[in-house]
Amino acid sequence: MAGIAGATGAAGLAALVKPAAARAWLGLPEGEASSYALRIAGMMLFALGLFLGGFAAAFTLAGGAA
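Residues numbered from 1 in each chain as written. Predicted model: local features only at pLDDT ≥ 70, side-chain atom pairs only at ≥ 80, totals over all residues. Heavy atoms only, no water.

### A look at helix α3 (residues 32-61)
Think of an α-helix as 3.6 residues a turn; residues three or four steps apart then line up on the same face.
Then, in step 1: In this model, α3 (30 residues) spans 43 Å end to end at C-alpha, consistent with the 44 Å of a helix rising 1.5 Å per residue.
Then, in step 2: What α3 keeps buried is the set Ser34, Ser35, Leu38, Gly42, Gly49, Leu52 and Ala56.
Then, in step 3: On its buried face, α3 sits against α1 (2-17) and α2 (19-26).
Then, in step 4: Downstream of α3 by one or two residues, glycine 63 has phi in the positive range, about 85°. (Helix = DSSP H or I, 4+ residues; strand = E, 2+ residues; numbered from the N terminus. Expected span 1.5 Å × (residues − 1). Buried < 20%, exposed > 50% of the residue type's maximum accessible area, 1.4 Å probe, protein only. Contact = heavy atoms within 4.5 Å.)

### Notes on the layout of surface pockets
Then, in step 1: Within this model, the largest pocket holds a volume of roughly 170 Å³.
Then, in step 2: Forming the walls of the largest pocket are Ala11, Ala14, Ala15, Lys18, Ala21, Ala22, Trp25, Leu26, Leu38, Ala41, Gly42 and Leu45.
Then, in step 3: A per-class count over the lining of the largest pocket returns 10 nonpolar, 1 polar and 1 charged. (1 Å grid on protein atoms, 1.4 Å probe; cavity = no way out; pocket = protein on both sides within 12 Å on 5 of 7 lines; lining within 4 Å. Points joined across faces, edges and corners; volume = space filled by probe spheres on them. Nonpolar A, V, L, I, M, F, W, Y, C, P; charged D, E, K, R; others polar.)

### Comments concerning the side chain of threonine 8
Then, in step 1: Tracing the backbone shows threonine 8 in helix α1.
Then, in step 2: Apart from the residues lying within four places of it in its own chain, the contact partners of threonine 8 are Leu45, Phe46, Leu48 and Gly49.

### Quick look at α2
Then, in step 1: Among the residues of α2, Pro19, Ala22 and Arg23 are the ones counted as buried. Along the long axis of α2, the arc covered by the buried residues comes to 100°, so they all point the same way. Counted as exposed and oriented over 90 degrees from the buried face of α2: Ala24 and Trp25.
Then, in step 2: Buried positions along α2 lie against α1 and α3.
Then, in step 3: A positive phi of about 75° marks glycine 27, the residue just after α2. (Arc of directions from axis to C-beta.)

### A closer look at the environment of arginine 23
Then, in step 1: Relative to the elements of secondary structure, arginine 23 occurs in helix α2.
Then, in step 2: Judged by its relative accessible area of 11%, arginine 23 falls in the buried class.
Then, in step 3: On a C-alpha basis, the gap between arginine 23 and serine 34 in space is 7.6 Å, while along the polypeptide they are 11 residues apart.
Then, in step 4: Contact partners of arginine 23, with chain neighbours within four places excluded, come to Leu28, Pro29, Glu30, Gly31, Ser34, Ser35 and Leu38.

None of the figures reported here should be taken as evidence of function without further support.
Set out below in structure tokens:
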């Protein structure tokens, strides 16, 4: 789960910081709407990575990974 958290966090951060690169990679048209959509999606992916990382850390600290 920690690996998935890192991957989604990195993908979200990349889309959040560089929406033009993500737009080119996804083949989306240029425009204000696609930039906003990519920033929103990037923030959601970054938040997913943070939550998954937190849950993985809590699970490990609770002794669940035996």
